[in-house]
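Coordinates in review
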Amino acid sequence: MHSVPTWAVAGFWGLVSGSALLLGAAIGYFLRVPQRLIAAVMAFGSGVLIATLSLELMEEAYQKGGFDSTGLGFVGGAAAYTAANWLLARYGAKHRKRSGEHQNQERDAVQRGKTEGNEAGDDNSMALAVGALLDGIPESIVIGLSMLAGGSVSLVAVVAIFLSNLPEGLSSAAGMRKAGRRPAYVLGLWAGIAVISGISSLVGYSVFSGFSPEVVAATTAISAGAVLAMIADTMIPEAFAVAHNFTGLITVLGFLVSFILSKMGS
């Protein structure tokens, strides 16, 4: 019996973590999940991801490439995400993770051609789709990169990304439902992102397996910086808008869970 190629394993685990987006979207669209619960799960997922960035990604990047590659990549990834996120906000994707009426209001504004003074098209569907890609791809590439060291996936990274993807899909789909999006659009969007997540993990392993440790370190740090910027720009604001003073505590609990998982896996 032939063993499964490592690149296929990378793609599989990327698909597994990305499937949480589709699962969360289905729950958020078809079930009336309380906004406080959505916010709590979002805060918890933020803590899980922050711990993974701190304990797994940045440490791994530093060990492979030192301060230069890690620092430049980290800031560069955050800057690239921030610039792309700013541009998408002008086209109606600023509140893509919000579960309340924000997406509905933003869609109406774009249809009037008045979103922050932008004279863009009459719908923000494309911006929402690109925004979902922007949020999901860096996380998935991380899974593929985690396999470069020993050929086995970092289960801590997979669990962390899965736990963070679930509230992302849930919150965004709940907001899309209130904005009048049809089920086919919402589920089709997140199913596509889940597939692209698998492809991104596969690419993360296949493309960078032949590069130097410094390049791998910089790429890992770029992904980490982009993910941290995403947490600060989209996940934490959504959680705080509803959970308020409990956001910090719930985020800390998520961090603790990820910390325990990392120690169990070491």
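What counts as what
Residues numbered from 1 in each chain as written. Predicted model: local features only at pLDDT ≥ 70, side-chain atom pairs only at ≥ 80, totals over all residues. Heavy atoms only, no water. Helix = DSSP H or I, 4+ residues; strand = E, 2+ residues; numbered from the N terminus. Buried < 20%, exposed > 50% of the residue type's maximum accessible area, 1.4 Å probe, protein only. Contact = heavy atoms within 4.5 Å. Core = buried A, V, L, I, M, F, W, Y, C linked by side-chain atoms within 4.5 Å. Phe/Tyr/Trp six-rings, centres within 6.5 Å; stacked < 30°, edge-to-face > 60°. Lys NZ or Arg CZ within 6 Å of the ring centre and 35° of its normal. Salt bridge = Lys/Arg side-chain N within 4 Å of Asp/Glu carboxyl O.

In the nomenclature of an unreviewed UniProt entry, the protein chain is known as ZIP family zinc transporter of Hymenobacter metallilatus.

**Section: the overall build of the protein chain**
Secondary structure summary: the protein chain contains eight helices and zero strands in total. Traced from its N-terminal end to its C-terminal end, the protein chain shows the element sequence α-α-α-α-α-α-α-α. Residues counted as buried form 50% of the 266 residues belonging to the protein chain. Long-range pairs, those at least 24 residues apart, make up 86% of the contacts in the protein chain with a sequence separation of at least 6.

**Comments concerning the nonpolar core**
Counting 26 residues, the largest nonpolar core has Leu49, Leu53, Tyr81, Val227, Met230, Ile231 and Met235 as the members making the most contacts within it. Those elements that place two or more of their residues in this core are α2 (35–90), α4 (125–146), α5 (155–178) and α7 (213–243). Core analysis: the second largest hydrophobic core is formed by nine residues, Met176, Val186, Leu189 and Ile193 among them.

**Describing the packing of aromatic side chains**
Using the criterion set out here, one finds four aromatic pairs in the structure. Judged by centre distance (5.2 Å) and plane angle (70°), the rings of Phe12 and Trp13 are edge-to-face. Owing to a relative accessible area of 24%, Trp13 belongs among the partly exposed residues under this scheme. Taking the centre distance of 4.8 Å and the plane angle of 50° together, the rings of Tyr62 and Phe67 count as tilted. Residue classification places Phe67 among the exposed residues on the basis of a relative accessible area of 65%. Over the ring of Tyr185 we find Arg181, and its NZ or CZ is 5.1 Å from the ring centre.

**Focus on the pattern of salt bridges**
In this structure the tally under the stated criterion is one salt bridge. A salt bridge links Glu60 to Lys64, with the nearest nitrogen and oxygen atoms 3.2 Å apart. Placement of the pair is Glu60 and Lys64 together in helix α2, with a separation of four residues, close to one helical turn.

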